Amino acid sequence: MVRLFNVYYPTRVLVLLGGEALLVCASFLLAALFRFGEDSILLLHYEGGYSQVALAAGICLLSLYYFDLYDSLIISNSREVLTRLIQVLGVTCLIMAPLGYILPAARVDIRFFMLGIVLAGLTMAGWRKLFLVVNASSRWARRAVILGTGPQVHSLSKEIEKRPEWGVRLVGYVGKPPASPPDVNGLVRLGDLEELAGVVERERVGQIIIAMGERRGRLPVDILLQLKSRGVLVQDGGDVYETLTGKIPLDSLRLSWLLFSPSFPVSRPMLVYKRLTSIVLSTLGLIITLPLMAIIAVALRLDSKGPIIFRQKRVGQDGKLFDLYKFRSMYESDDPIAQSAPARENDDRFTRVGRWLRRTRLDELPQLYNILRGNMYFIGPRPFVPKQEEDLAEKIPYYR
(Lines give C-alpha, C1' and ligand atoms only; values in the text may rest on other atoms or scores of the structure.)
Protein backbone atom coordinates (compact mmCIF):
# COMPACT_ATOMS: atom_id res chain seq x y z
CA MET A 1 0.00 0.00 0.00
CA VAL A 2 1.20 3.49 -0.86
CA ARG A 3 0.15 6.57 1.08
CA LEU A 4 -0.37 9.79 -0.92
CA PHE A 5 -1.88 12.94 0.63
CA ASN A 6 -3.00 10.94 3.69
CA VAL A 7 -4.90 8.46 1.50
CA TYR A 8 -3.86 4.82 1.08
CA TYR A 9 -3.75 3.33 -2.41
CA PRO A 10 -3.17 -0.38 -3.11
CA THR A 11 0.08 -0.98 -4.96
CA ARG A 12 -1.82 -3.12 -7.47
CA VAL A 13 -4.18 -0.25 -8.29
CA LEU A 14 -1.21 2.05 -8.89
CA VAL A 15 0.26 -0.61 -11.20
CA LEU A 16 -3.10 -0.72 -13.02
CA LEU A 17 -3.07 3.07 -13.37
CA GLY A 18 0.55 3.15 -14.56
CA GLY A 19 -0.09 0.40 -17.09
CA GLU A 20 -3.11 2.22 -18.50
CA ALA A 21 -1.19 5.48 -18.76
CA LEU A 22 1.50 3.73 -20.82
CA LEU A 23 -1.07 1.91 -22.95
CA VAL A 24 -3.04 5.06 -23.79
CA CYS A 25 0.10 6.97 -24.77
CA ALA A 26 1.40 4.02 -26.78
CA SER A 27 -1.98 3.68 -28.55
CA PHE A 28 -1.89 7.28 -29.80
CA LEU A 29 1.78 7.01 -30.81
CA LEU A 30 0.98 3.82 -32.72
CA ALA A 31 -2.02 5.53 -34.32
CA ALA A 32 0.27 8.35 -35.51
CA LEU A 33 2.58 5.78 -37.07
CA PHE A 34 -0.30 4.01 -38.85
CA ARG A 35 -1.89 7.28 -40.01
CA PHE A 36 1.18 9.25 -41.16
CA GLY A 37 3.85 6.59 -41.63
CA GLU A 38 7.35 8.07 -41.76
CA ASP A 39 5.88 11.59 -41.48
CA SER A 40 4.72 10.78 -37.93
CA ILE A 41 8.19 11.80 -36.68
CA LEU A 42 7.63 15.30 -38.09
CA LEU A 43 4.16 15.47 -36.55
CA LEU A 44 5.36 14.42 -33.11
CA HIS A 45 8.57 16.44 -32.96
CA TYR A 46 7.73 19.65 -34.77
CA GLU A 47 3.95 20.06 -34.83
CA GLY A 48 3.15 19.53 -31.15
CA GLY A 49 2.20 15.88 -31.56
CA TYR A 50 3.62 14.85 -28.19
CA SER A 51 1.63 17.58 -26.43
CA GLN A 52 -1.56 16.46 -28.18
CA VAL A 53 -0.94 12.84 -27.17
CA ALA A 54 -0.26 13.89 -23.56
CA LEU A 55 -3.44 15.99 -23.49
CA ALA A 56 -5.62 13.21 -24.88
CA ALA A 57 -4.04 10.65 -22.51
CA GLY A 58 -4.49 12.97 -19.51
CA ILE A 59 -8.18 13.54 -20.29
CA CYS A 60 -8.68 9.80 -20.74
CA LEU A 61 -7.02 8.97 -17.40
CA LEU A 62 -9.01 11.67 -15.57
CA SER A 63 -12.17 10.22 -17.09
CA LEU A 64 -11.17 6.75 -15.87
CA TYR A 65 -10.86 8.16 -12.36
CA TYR A 66 -14.11 10.14 -12.66
CA PHE A 67 -16.03 7.01 -13.68
CA ASP A 68 -14.67 5.16 -10.59
CA LEU A 69 -12.72 2.63 -12.64
CA TYR A 70 -10.13 2.43 -9.85
CA ASP A 71 -12.77 1.80 -7.19
CA SER A 72 -12.59 -1.58 -5.44
CA LEU A 73 -16.23 -2.47 -6.13
CA ILE A 74 -15.91 -1.68 -9.85
CA ILE A 75 -12.53 -3.22 -10.66
CA SER A 76 -13.71 -6.81 -10.15
CA ASN A 77 -16.96 -6.39 -12.16
CA SER A 78 -16.05 -7.16 -15.80
CA ARG A 79 -19.39 -6.06 -17.27
CA GLU A 80 -19.37 -2.77 -15.37
CA VAL A 81 -15.75 -2.12 -16.36
CA LEU A 82 -16.54 -2.63 -20.06
CA THR A 83 -19.58 -0.32 -19.89
CA ARG A 84 -17.65 2.42 -18.15
CA LEU A 85 -14.66 2.10 -20.48
CA ILE A 86 -16.97 2.87 -23.41
CA GLN A 87 -18.30 5.88 -21.51
CA VAL A 88 -14.75 7.06 -20.79
CA LEU A 89 -13.82 6.94 -24.48
CA GLY A 90 -16.99 8.84 -25.38
CA VAL A 91 -16.33 11.55 -22.79
CA THR A 92 -12.74 11.89 -24.00
CA CYS A 93 -14.02 12.52 -27.53
CA LEU A 94 -16.60 15.04 -26.28
CA ILE A 95 -13.94 16.99 -24.37
CA MET A 96 -11.29 16.91 -27.11
CA ALA A 97 -13.72 18.11 -29.82
CA PRO A 98 -14.38 21.64 -28.45
CA LEU A 99 -10.80 21.96 -27.21
CA GLY A 100 -9.63 21.81 -30.81
CA TYR A 101 -11.64 24.96 -31.55
CA ILE A 102 -10.75 26.79 -28.34
CA LEU A 103 -7.03 25.91 -28.43
CA PRO A 104 -5.65 25.57 -31.97
CA ALA A 105 -2.56 23.81 -30.58
CA ALA A 106 -4.80 21.01 -29.27
CA ARG A 107 -6.46 20.39 -32.67
CA VAL A 108 -5.72 16.87 -33.93
CA ASP A 109 -6.36 15.00 -37.15
CA ILE A 110 -9.73 13.29 -36.71
CA ARG A 111 -8.69 9.96 -38.26
CA PHE A 112 -5.52 9.86 -36.19
CA PHE A 113 -7.48 10.64 -33.00
CA MET A 114 -10.25 8.11 -33.64
CA LEU A 115 -7.72 5.38 -34.43
CA GLY A 116 -5.91 6.20 -31.19
CA ILE A 117 -9.16 6.04 -29.21
CA VAL A 118 -10.06 2.65 -30.67
CA LEU A 119 -6.58 1.25 -29.95
CA ALA A 120 -6.67 2.68 -26.41
CA GLY A 121 -10.06 1.06 -25.77
CA LEU A 122 -8.95 -2.34 -27.03
CA THR A 123 -5.63 -2.34 -25.14
CA MET A 124 -7.21 -1.11 -21.89
CA ALA A 125 -9.92 -3.77 -22.08
CA GLY A 126 -7.25 -6.45 -22.55
CA TRP A 127 -5.09 -4.99 -19.77
CA ARG A 128 -8.06 -4.96 -17.38
CA LYS A 129 -8.83 -8.59 -18.23
CA LEU A 130 -5.22 -9.59 -17.54
CA PHE A 131 -5.28 -7.61 -14.28
CA LEU A 132 -8.39 -9.46 -13.10
CA VAL A 133 -6.84 -12.86 -13.85
CA VAL A 134 -3.61 -12.03 -12.00
CA ASN A 135 -5.47 -10.29 -9.18
CA ALA A 136 -7.73 -13.28 -8.56
CA SER A 137 -4.77 -15.64 -8.16
CA SER A 138 -4.05 -16.46 -4.52
CA ARG A 139 -0.44 -17.16 -5.49
CA TRP A 140 0.30 -13.43 -5.59
CA ALA A 141 -1.62 -12.51 -2.40
CA ARG A 142 -0.11 -12.06 1.06
CA ARG A 143 -1.43 -14.69 3.47
CA ALA A 144 -2.88 -13.11 6.62
CA VAL A 145 -4.52 -14.15 9.88
CA ILE A 146 -6.75 -12.21 12.23
CA LEU A 147 -5.71 -12.25 15.89
CA GLY A 148 -8.70 -12.31 18.24
CA THR A 149 -12.47 -12.57 17.87
CA GLY A 150 -13.50 -9.02 18.73
CA PRO A 151 -16.35 -7.07 17.10
CA GLN A 152 -14.07 -6.05 14.23
CA VAL A 153 -13.53 -9.53 12.82
CA HIS A 154 -16.78 -9.75 10.85
CA SER A 155 -16.52 -6.32 9.23
CA LEU A 156 -12.78 -6.65 8.57
CA SER A 157 -13.05 -10.02 6.85
CA LYS A 158 -15.95 -8.81 4.68
CA GLU A 159 -14.03 -5.73 3.53
CA ILE A 160 -10.88 -7.71 2.74
CA GLU A 161 -12.87 -10.25 0.71
CA LYS A 162 -14.49 -7.45 -1.33
CA ARG A 163 -11.12 -5.92 -2.24
CA PRO A 164 -8.87 -8.52 -3.89
CA GLU A 165 -6.73 -5.72 -5.37
CA TRP A 166 -5.28 -5.13 -1.91
CA GLY A 167 -3.42 -8.41 -2.32
CA VAL A 168 -4.41 -9.94 1.03
CA ARG A 169 -5.86 -13.43 1.54
CA LEU A 170 -7.26 -14.37 4.95
CA VAL A 171 -6.44 -17.95 5.91
CA GLY A 172 -8.26 -17.88 9.27
CA TYR A 173 -8.20 -16.48 12.79
CA VAL A 174 -6.29 -17.20 15.99
CA GLY A 175 -8.04 -17.05 19.36
CA LYS A 176 -10.90 -18.53 21.34
CA PRO A 177 -14.03 -19.58 19.44
CA PRO A 178 -16.64 -16.81 19.44
CA ALA A 179 -20.04 -17.16 21.10
CA SER A 180 -21.72 -16.86 17.71
CA PRO A 181 -20.11 -18.42 14.57
CA PRO A 182 -21.33 -15.62 12.24
CA ASP A 183 -19.12 -13.21 14.23
CA VAL A 184 -16.06 -14.54 12.37
CA ASN A 185 -17.70 -14.60 8.92
CA GLY A 186 -16.89 -18.25 8.26
CA LEU A 187 -13.16 -17.98 8.96
CA VAL A 188 -11.30 -21.13 10.03
CA ARG A 189 -9.96 -21.26 13.59
CA LEU A 190 -6.23 -22.01 13.39
CA GLY A 191 -5.34 -22.19 17.09
CA ASP A 192 -5.10 -20.36 20.42
CA LEU A 193 -3.15 -17.17 21.04
CA GLU A 194 -0.23 -19.13 22.51
CA GLU A 195 0.07 -21.10 19.25
CA LEU A 196 0.45 -17.99 17.08
CA ALA A 197 4.12 -18.58 16.18
CA GLY A 198 3.42 -22.14 15.06
CA VAL A 199 0.38 -21.03 13.05
CA VAL A 200 2.44 -18.37 11.26
CA GLU A 201 5.11 -20.90 10.30
CA ARG A 202 2.66 -23.66 9.32
CA GLU A 203 0.37 -21.44 7.23
CA ARG A 204 3.20 -19.30 5.76
CA VAL A 205 1.56 -16.14 7.13
CA GLY A 206 3.00 -12.77 6.14
CA GLN A 207 0.54 -10.47 7.93
CA ILE A 208 -1.18 -10.45 11.33
CA ILE A 209 -4.22 -8.21 11.87
CA ILE A 210 -5.02 -7.58 15.54
CA ALA A 211 -8.77 -7.41 16.18
CA MET A 212 -8.96 -8.19 19.90
CA GLY A 213 -11.59 -6.35 21.91
CA GLU A 214 -9.87 -6.38 25.31
CA ARG A 215 -6.08 -6.47 24.92
CA ARG A 216 -4.76 -5.66 28.38
CA GLY A 217 -2.94 -8.70 29.73
CA ARG A 218 -4.06 -10.86 26.79
CA LEU A 219 -2.09 -9.61 23.79
CA PRO A 220 0.92 -11.92 23.16
CA VAL A 221 3.37 -9.04 22.85
CA ASP A 222 6.58 -11.12 23.03
CA ILE A 223 5.43 -13.47 20.26
CA LEU A 224 4.31 -10.57 18.07
CA LEU A 225 7.66 -8.80 18.49
CA GLN A 226 9.55 -11.96 17.54
CA LEU A 227 7.39 -12.45 14.46
CA LYS A 228 7.75 -8.80 13.47
CA SER A 229 11.55 -9.07 13.72
CA ARG A 230 11.31 -11.98 11.25
CA GLY A 231 9.50 -9.83 8.67
CA VAL A 232 5.85 -10.55 9.50
CA LEU A 233 3.68 -7.45 9.11
CA VAL A 234 1.72 -6.69 12.31
CA GLN A 235 -1.17 -4.22 11.99
CA ASP A 236 -3.97 -2.92 14.16
CA GLY A 237 -7.42 -3.91 12.93
CA GLY A 238 -8.71 -0.35 13.20
CA ASP A 239 -5.91 0.95 10.98
CA VAL A 240 -6.54 -1.77 8.40
CA TYR A 241 -10.27 -1.05 8.35
CA GLU A 242 -9.67 2.68 7.88
CA THR A 243 -7.16 1.98 5.11
CA LEU A 244 -9.63 -0.29 3.29
CA THR A 245 -12.76 1.80 3.64
CA GLY A 246 -11.69 5.33 4.55
CA LYS A 247 -13.94 5.04 7.62
CA ILE A 248 -13.33 4.67 11.35
CA PRO A 249 -14.59 1.40 12.93
CA LEU A 250 -17.12 2.64 15.47
CA ASP A 251 -17.75 -0.82 16.93
CA SER A 252 -14.23 -0.99 18.40
CA LEU A 253 -13.23 2.67 18.70
CA ARG A 254 -10.79 3.28 21.56
CA LEU A 255 -9.74 6.60 23.10
CA SER A 256 -6.06 5.64 22.86
CA TRP A 257 -6.42 5.07 19.11
CA LEU A 258 -7.87 8.57 18.66
CA LEU A 259 -5.21 10.08 20.90
CA PHE A 260 -2.15 8.53 19.28
CA SER A 261 -3.26 8.09 15.68
CA PRO A 262 -1.51 10.25 13.06
CA SER A 263 -3.65 13.31 12.40
CA PHE A 264 -3.78 16.03 9.79
CA PRO A 265 -1.36 18.78 10.84
CA VAL A 266 -3.10 22.08 11.56
CA SER A 267 -0.78 25.05 11.15
CA ARG A 268 -1.39 28.78 10.84
CA PRO A 269 -0.08 28.92 7.23
CA MET A 270 -2.45 26.07 6.30
CA LEU A 271 -5.42 27.84 7.90
CA VAL A 272 -4.53 31.11 6.12
CA TYR A 273 -4.19 29.23 2.82
CA LYS A 274 -7.58 27.52 3.29
CA ARG A 275 -9.29 30.81 4.12
CA LEU A 276 -7.74 32.69 1.17
CA THR A 277 -8.64 29.82 -1.17
CA SER A 278 -12.21 29.83 0.12
CA ILE A 279 -12.55 33.60 -0.40
CA VAL A 280 -11.13 33.53 -3.94
CA LEU A 281 -13.03 30.47 -5.16
CA SER A 282 -16.35 31.41 -3.54
CA THR A 283 -16.12 34.95 -4.97
CA LEU A 284 -15.41 33.60 -8.45
CA GLY A 285 -18.19 31.04 -8.06
CA LEU A 286 -20.72 33.71 -7.04
CA ILE A 287 -19.75 35.96 -9.96
CA ILE A 288 -19.91 33.14 -12.53
CA THR A 289 -23.18 31.65 -11.28
CA LEU A 290 -24.96 34.96 -10.59
CA PRO A 291 -26.93 34.91 -13.90
CA LEU A 292 -27.96 31.29 -13.28
CA MET A 293 -29.03 32.07 -9.72
CA ALA A 294 -31.12 35.00 -11.00
CA ILE A 295 -32.95 32.65 -13.39
CA ILE A 296 -33.52 30.14 -10.56
CA ALA A 297 -34.88 32.92 -8.33
CA VAL A 298 -37.39 33.98 -10.99
CA ALA A 299 -38.44 30.33 -11.57
CA LEU A 300 -38.98 29.78 -7.85
CA ARG A 301 -41.05 32.95 -7.56
CA LEU A 302 -43.29 31.92 -10.46
CA ASP A 303 -43.60 28.29 -9.36
CA SER A 304 -44.78 28.58 -5.75
CA LYS A 305 -45.35 30.97 -2.87
CA GLY A 306 -42.70 31.48 -0.25
CA PRO A 307 -39.17 32.86 0.14
CA ILE A 308 -36.60 32.21 -2.57
CA ILE A 309 -33.81 31.48 -0.07
CA PHE A 310 -34.30 28.84 2.62
CA ARG A 311 -32.41 29.42 5.88
CA GLN A 312 -31.68 26.74 8.45
CA LYS A 313 -29.60 26.65 11.61
CA ARG A 314 -26.61 24.33 11.30
CA VAL A 315 -23.77 23.39 13.64
CA GLY A 316 -20.39 24.64 12.49
CA GLN A 317 -16.85 24.39 13.83
CA ASP A 318 -16.52 24.26 17.63
CA GLY A 319 -20.29 23.83 17.92
CA LYS A 320 -21.11 27.35 16.72
CA LEU A 321 -24.50 27.80 15.07
CA PHE A 322 -24.84 29.59 11.74
CA ASP A 323 -27.53 30.18 9.11
CA LEU A 324 -27.07 27.90 6.09
CA TYR A 325 -28.51 29.26 2.83
CA LYS A 326 -30.12 27.19 0.07
CA PHE A 327 -32.65 27.78 -2.67
CA ARG A 328 -36.07 26.76 -1.35
CA SER A 329 -37.03 23.42 -2.91
CA MET A 330 -40.14 22.62 -0.85
CA TYR A 331 -43.55 24.07 -0.18
CA GLU A 332 -43.81 26.14 2.97
CA SER A 333 -45.20 24.38 6.04
CA ASP A 334 -46.52 25.69 9.36
CA ASP A 335 -45.13 22.61 11.12
CA PRO A 336 -41.44 23.30 11.98
CA ILE A 337 -40.78 19.61 12.74
CA ALA A 338 -42.09 18.48 9.34
CA GLN A 339 -40.21 21.31 7.65
CA SER A 340 -36.85 20.24 9.15
CA ALA A 341 -37.34 16.49 8.58
CA PRO A 342 -34.75 14.97 6.15
CA ALA A 343 -35.94 14.89 2.54
CA ARG A 344 -36.72 11.59 0.81
CA GLU A 345 -36.18 10.78 -2.87
CA ASN A 346 -39.87 11.12 -3.87
CA ASP A 347 -40.90 13.62 -1.22
CA ASP A 348 -44.32 15.24 -1.69
CA ARG A 349 -42.97 18.45 -0.18
CA PHE A 350 -40.86 19.21 -3.28
CA THR A 351 -42.07 21.90 -5.65
CA ARG A 352 -41.74 21.33 -9.40
CA VAL A 353 -38.69 23.59 -9.66
CA GLY A 354 -37.40 22.37 -6.30
CA ARG A 355 -37.34 18.74 -7.43
CA TRP A 356 -35.20 19.71 -10.42
CA LEU A 357 -32.92 21.83 -8.22
CA ARG A 358 -32.40 18.92 -5.84
CA ARG A 359 -31.66 16.54 -8.66
CA THR A 360 -29.01 18.86 -10.14
CA ARG A 361 -27.72 20.07 -6.74
CA LEU A 362 -28.24 23.67 -7.87
CA ASP A 363 -30.15 24.37 -4.67
CA GLU A 364 -26.74 24.36 -2.94
CA LEU A 365 -25.38 27.37 -4.88
CA PRO A 366 -26.22 29.97 -2.16
CA GLN A 367 -23.83 28.10 0.13
CA LEU A 368 -21.03 29.84 -1.76
CA TYR A 369 -22.03 32.83 0.39
CA ASN A 370 -21.61 30.70 3.53
CA ILE A 371 -18.11 29.80 2.38
CA LEU A 372 -17.32 33.45 1.69
CA ARG A 373 -18.49 34.37 5.19
CA GLY A 374 -16.30 31.68 6.74
CA ASN A 375 -19.09 29.42 8.01
CA MET A 376 -17.92 26.50 5.85
CA TYR A 377 -15.06 25.28 3.66
CA PHE A 378 -15.39 23.70 0.22
CA ILE A 379 -14.07 20.44 1.72
CA GLY A 380 -15.10 19.40 5.19
CA PRO A 381 -17.67 17.56 7.31
CA ARG A 382 -21.35 18.09 6.56
CA PRO A 383 -22.88 20.63 8.98
CA PHE A 384 -25.95 19.06 10.62
CA VAL A 385 -28.97 20.68 12.22
CA PRO A 386 -28.69 20.84 16.06
CA LYS A 387 -31.07 17.89 16.63
CA GLN A 388 -29.11 15.62 14.27
CA GLU A 389 -25.86 16.71 15.93
CA GLU A 390 -27.20 15.76 19.36
CA ASP A 391 -28.43 12.38 18.10
CA LEU A 392 -25.04 11.59 16.56
CA ALA A 393 -23.22 12.62 19.73
CA GLU A 394 -25.35 10.18 21.72
CA LYS A 395 -24.84 7.23 19.33
CA ILE A 396 -21.20 7.61 18.23
CA PRO A 397 -18.41 7.33 20.82
CA TYR A 398 -16.18 10.43 21.07
CA TYR A 399 -18.21 12.12 18.31
CA ARG A 400 -17.50 15.64 19.48
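Residues numbered from 1 in each chain as written. Predicted model: local features only at pLDDT ≥ 70, side-chain atom pairs only at ≥ 80, totals over all residues. Heavy atoms only, no water.

A. Structural detail: the side chain of Ser63. Within the fold, Ser63 resides in helix 3 (residues 49-66). When its relative accessible area of 5% is taken as the criterion, Ser63 is described as buried. A polar side-chain atom of Ser63 sits 2.8 Å from the main-chain carbonyl oxygen of Ile59. (Helix = DSSP H or I, 4+ residues; strand = E, 2+ residues; numbered from the N terminus. Buried < 20%, exposed > 50% of the residue type's maximum accessible area, 1.4 Å probe, protein only. Polar contact = N/O pair within 3.5 Å; in protein donor to acceptor, adjacent residues only side chain to side chain.)

B. Spotlight on the sheet that holds strand 3 (residues 142-147). Strand order in this open sheet of five strands is 5-4-3-6-7, and the pairing throughout is parallel. Of all the strands in the sheet, just strand 5 (189-191) and strand 7 (233-236) have a single pairing partner and so form its edges. For this sheet, the mean inter-axis angle between neighbouring strands, taken without regard to orientation, is 35°. Pairing of strand 4 (residues 168-174) with strand 5, which is carried by two bridges, proceeds in the parallel orientation. Note that in strand 5 the partner of Val174 across the bridge is Gly191. Along the sheet, helix 9 (residues 221-229) contacts strand 3, strand 6 (207-210) and strand 7; its crossing angle with strand 6, the most-contacted strand, is approximately 145°. Along the sheet, helix 10 (residues 237-245) contacts strand 6 and strand 7; its crossing angle with strand 7, the most-contacted strand, is approximately 85°. (Pairing = 2+ DSSP bridges. Axes fitted to C-alpha atoms, helices over the stretch in contact; angles between N-to-C directions. Contact = heavy atoms within 4.5 Å.)

C. Structural detail: the state of the cysteines. The full count for this structure, using the stated rule, is zero disulfides. In this structure Cys60 is a free cysteine whose sulfur lies 9.2 Å from that of Cys93, the closest cysteine sulfur available. Classification of Cys60 by relative accessible area gives buried; the value is 2%. (Disulfide = S-S within 2.5 Å.)

D. Fine view of helix 3. Taking 1.5 Å per residue as the helical rise, helix 3 with its 18 residues ought to reach 26 Å, and the 26 Å between its terminal C-alpha atoms agrees with that figure. Of all the residues in helix 3, the buried ones are Gly49, Gln52, Val53, Ala56, Ala57, Ile59, Cys60, Ser63 and Leu64. Down the axis of helix 3, the sector holding all buried residues measures 160°, keeping them to one side. For helix 3, exposure combined with an orientation more than 90 degrees from the buried face picks out Ser51, Leu62, Tyr65 and Tyr66. Backbone geometry just after helix 3 places Asp68 at a positive phi near 60°. (Expected span 1.5 Å × (residues − 1). Arc of directions from axis to C-beta.)

E. Spatial organisation of the packing of aromatic side chains. Within the structure shown, the criterion is met by three aromatic pairs. Judged by centre distance (5.5 Å) and plane angle (85°), the rings of Tyr66 and Phe67 are edge-to-face. Taking the relative accessible area as the measure of exposure, Tyr66 reaches 66% and is therefore exposed. Looking at Phe67, the relative accessible area reads 16%, which means it is buried. Over the ring of Tyr70 we find Arg128; its NZ or CZ atom is 5.2 Å from the centre of that ring. Above the plane of the ring of Tyr377 lies Lys274, whose end atom (NZ or CZ) is 4.0 Å from the centre. (Phe/Tyr/Trp six-rings, centres within 6.5 Å; stacked < 30°, edge-to-face > 60°. Lys NZ or Arg CZ within 6 Å of the ring centre and 35° of its normal.)

Worth remembering: the numbers are spatial, not functional.
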